[in-house]
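Here are the chains, one letter per residue:
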Amino acid sequence: MQSLALIDNWPVPTTAAAVVRADGTVVGSRGPTSHRFPLASVTKPLAAYAVLVAYEEGAVELDEPAGPEGSTVRHLLAHSSGLAADENRVTAPPGTRRIYSNAGFEALGDHVAKATEIPFGEYVCQAVLEPLGMTSTTLDGSPARAAVSTVDDLTRFAAELLAPRLLDPRTVLEAMTVVHPGLSGILPGYGRQKNNDWGLGFEIRDTKSPHWTGGSSSPRTFGHFGVSGTFLWVDPDAGAACVSLSDRDFGPWAIEAWPPFTDAVLAELRAG
């Protein structure tokens, strides 16, 4: 894909990207796709998927208590538990505000570890990484931000999101459906969004503006980006997903570069 060559112009020491279809076909790649990059918050979709595996296995329920009083597993996945960003401190009643919370995902990891009697990083490996053949991915530390992976591995995960094999497609559909619609909140790096929509561990684009995906991305697009200069988006309407990893922290360069890159990728996909 010629559009992937745009990453060559990014002010980044090392970057790699790839586009994958639901059948796992990588339709284009650029850069060192086997290079391991810290994922930062792109860890969260991997952690969320493991939580959903635990749900399907019967180890946890989405609406059982977890986190602060009145909160559930669902609240924690959807950043609506009321926990502060990086502290185990309640700042709002559950279900009333969208507060992007690393602490919430750490509470999730603790909750699943207790329920399964398996350390959460090991559970992610057994439930998600090993079945998908993600042999270059590790999670040693926070479920919110500690994973390290490659573009090659994340294209396997992206293909799973497009055409689930590890989970019932109905569970994945629920994960990509807005939880607690209408909540406002801060989208990190982009400011307050009136409808800051999230599913179960995945940000949902809807009509957010400004946004890190493209202007031509469908409202159903979902995914995540990380402060380490990483992103993964899945556009069901395009039938494709894109992964980009880099070794320069998110900042103005990414805000400027990522949306036109995504638009170019989608235009090439639609052209055939």
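A.B. asks: Help me understand the layout of surface pockets in this model?
C.D. replies: It is the rolling of a water-molecule-sized probe over the atoms that shows where space remains empty. In this structure, the largest pocket occupies an estimated 290 Å³ of space. Lining the largest pocket are 17 residues, and of these Leu173, Met176, Arg220, Phe222 and Pro236 lie nearest its centre. Ranked by residue count, the leading element in the lining of the largest pocket is helix α6 (residues 169–175), at three residues. A class-by-class count of the residues in the lining of the largest pocket yields 13 nonpolar, two polar and two charged. Element by element, the count of residues in the lining of the second largest pocket is highest for strand β9 (residues 222–226), at three residues.

A.B. asks: Quick question: what am I supposed to make of the pattern of salt bridges here?
C.D. replies: Between side chains of opposite charge, a pair can form when the charged atoms approach closely. As enumerated under the stated definition, the model contains 10 salt bridges in all. Where Arg74 meets Asp63, a salt bridge forms, and the shortest distance between an N and an O atom there is 2.8 Å. Of the two residues, Arg74 sits in helix α2 (residues 73–77) while Asp63 sits in the loop between α1 (43–56) and α2, which places them 11 residues apart along the sequence. Look at Arg74 and you get buried, because its relative accessible area is 18%. When the shortest N-O distance is used, the salt bridge between Lys208 and Glu203 registers 2.8 Å. Judged by relative accessible area, Lys208 falls into the buried class, the value being 4%. The class for Glu203 is buried, based on a relative accessible area of 2%. When salt bridges that share partners are traced, they join Asp63, Arg74 and Glu174 into one network.

A.B. asks: How should I be thinking about the packing of aromatic side chains in this particular structure?
C.D. replies: Two numbers describe a pair of aromatic rings. These are the distance of the centres and the angle of the planes. Counted according to the given criterion, the structure contains 15 aromatic pairs. Plain terms: the ring middles of Tyr49 and Phe157 are 5.4 Å apart, the flat faces sit at 90° to each other, and that makes the pair edge-to-face. Separated by 108 residues along the polypeptide, Tyr49 in helix α1 and Phe157 in helix α5 (residues 151–162) bring together distant segments of the chain. A single burial state applies to Tyr49 and to Phe157, both of which are buried. Between Phe231 and Trp258 the ring centres are 4.9 Å apart and the planes differ by 70°, which places this aromatic pair in the edge-to-face class. Pair noted here: Phe231 is in strand β10 (residues 230–235) and Trp258 is in helix α7 (residues 252–271), with a separation of 27 residues, a long-range link. Each member of the pair, Phe231 as well as Trp258, is classed as buried.

A.B. asks: Hey, could you run me through the sheet that holds strand β2 (residues 26–30) in this one?
C.D. replies: Remark on secondary structure: sheet strands pair via backbone hydrogen bonds, oriented parallel or antiparallel. Taken in spatial order, the six strands line up as β2-β1-β11-β10-β9-β8 in an open sheet, and their pairing is antiparallel. With one partner strand each, in any of the chains shown, β2 and β8 (203–204) form the two edges of the open sheet. Inspection of the sheet shows β8 paired to β9 by two bridges, in the antiparallel sense. If you follow Glu203 over to β9, its bridge partner there is Gly223. Strands β1 (15–21), β2, β9, β10 and β11 (240–246) of the sheet are contacted by α5, whose axis makes an angle of about 30° with β1. Along the sheet, α7 contacts β1, β2, β9, β10 and β11; its crossing angle with β10, the most-contacted strand, is approximately 35°.

A.B. asks: Even after reading the chapter, I still don't get the side chain of Thr171, so can you show me in this structure?
C.D. replies: If you trace the backbone, Thr171 turns up in helix α6. Residue classification places Thr171 among the buried positions, given a relative accessible area of 9%.

A.B. asks: Before we go on, may I ask you to explain the environment of Gly95 in this structure?
C.D. replies: With respect to the helices and strands, the residue Gly95 is situated in the loop between α2 and α3 (102–116). Assessed through its relative accessible area of 25%, Gly95 is described here as partly exposed. Considering only alpha carbons, one finds Gly95 and Ala78, 17 residues apart in sequence, at a separation of 9.2 Å. Discounting residues that sit within four places of it in the chain, Gly95 has contacts with His75, Ser80, His180 and Leu183.

A.B. asks: Whenever I open this one, the sheet that holds strand β3 (residues 37–38) confuses me. Can you help?
C.D. replies: Ordered by their spatial adjacency, three strands build an open sheet running β3-β5-β4, and the pairing between neighbours is antiparallel. With partners counted over all chains shown, the strands left at the sheet margins are β3 and β4 (138–139), one partner each. The pairing of β4 with strand β5 (residues 147–149) spans two bridges and is classified as antiparallel. Across the sheet, residue Thr138 finds its bridge partner in β5, namely Val148.

Rules behind the numbers
- Here the residue numbers are simple positions, counted from 1 along each chain's written sequence.
- With pLDDT at 70 or above as the cut-off, local features in this predicted model cover only qualifying residues; side-chain atom pairs require 80 or more to be listed or tallied, and sums for whole chains, interfaces and linings still use all residues.
- Side-chain descriptors were evaluated using all non-hydrogen atoms of the structure, hydrogens and water having been removed beforehand.
- Here a cavity means grid points, on a 1 Å grid over the protein atoms only, where a 1.4 Å probe fits yet cannot get out; a pocket means an open set of points with protein on both sides within 12 Å along at least five of seven lines; lining residues are those with an atom within 4 Å of a point.
- Grid points are joined across faces, edges and corners, and a volume is the space filled by probe spheres set on the points.
- Under the DSSP-based scheme used, a helix requires at least four consecutive residues in state H or I and a strand at least two consecutive residues in state E, with every element numbered from the N terminus.
- Note on residue categories: nonpolar means Ala, Val, Leu, Ile, Met, Phe, Trp, Tyr, Cys or Pro, charged means Asp, Glu, Lys or Arg, and polar means any other residue, Gly included.
- The working definition used for a salt bridge is a side-chain nitrogen of Lys or Arg within 4 Å of a carboxyl oxygen of Asp or Glu.
- A simple rule labels every residue: compare its accessible area, found with a 1.4 Å probe on the protein chains alone, to the largest value its type can have, and call it buried under 20%, exposed over 50%, or partly exposed in between.
- The rule is short: rings of Phe, Tyr and Trp, with Trp giving its six-membered ring, pair when the centres are within 6.5 Å, and they are stacked under 30 degrees, edge-to-face over 60, tilted in between.
- By this definition, two strands are paired if DSSP reports at least two bridges between them.
- The contact definition used throughout considers only heavy atoms, calling two residues in contact when any of these lie within 4.5 Å.
- An axis is simply a line fitted to the C-alpha atoms; with a helix, the fit covers only the stretch in contact. Between two such axes, the angle follows the N-to-C directions and lies from 0 to 180 degrees.

So, to be careful, I would describe these as geometric facts and stop short of saying anything about function.
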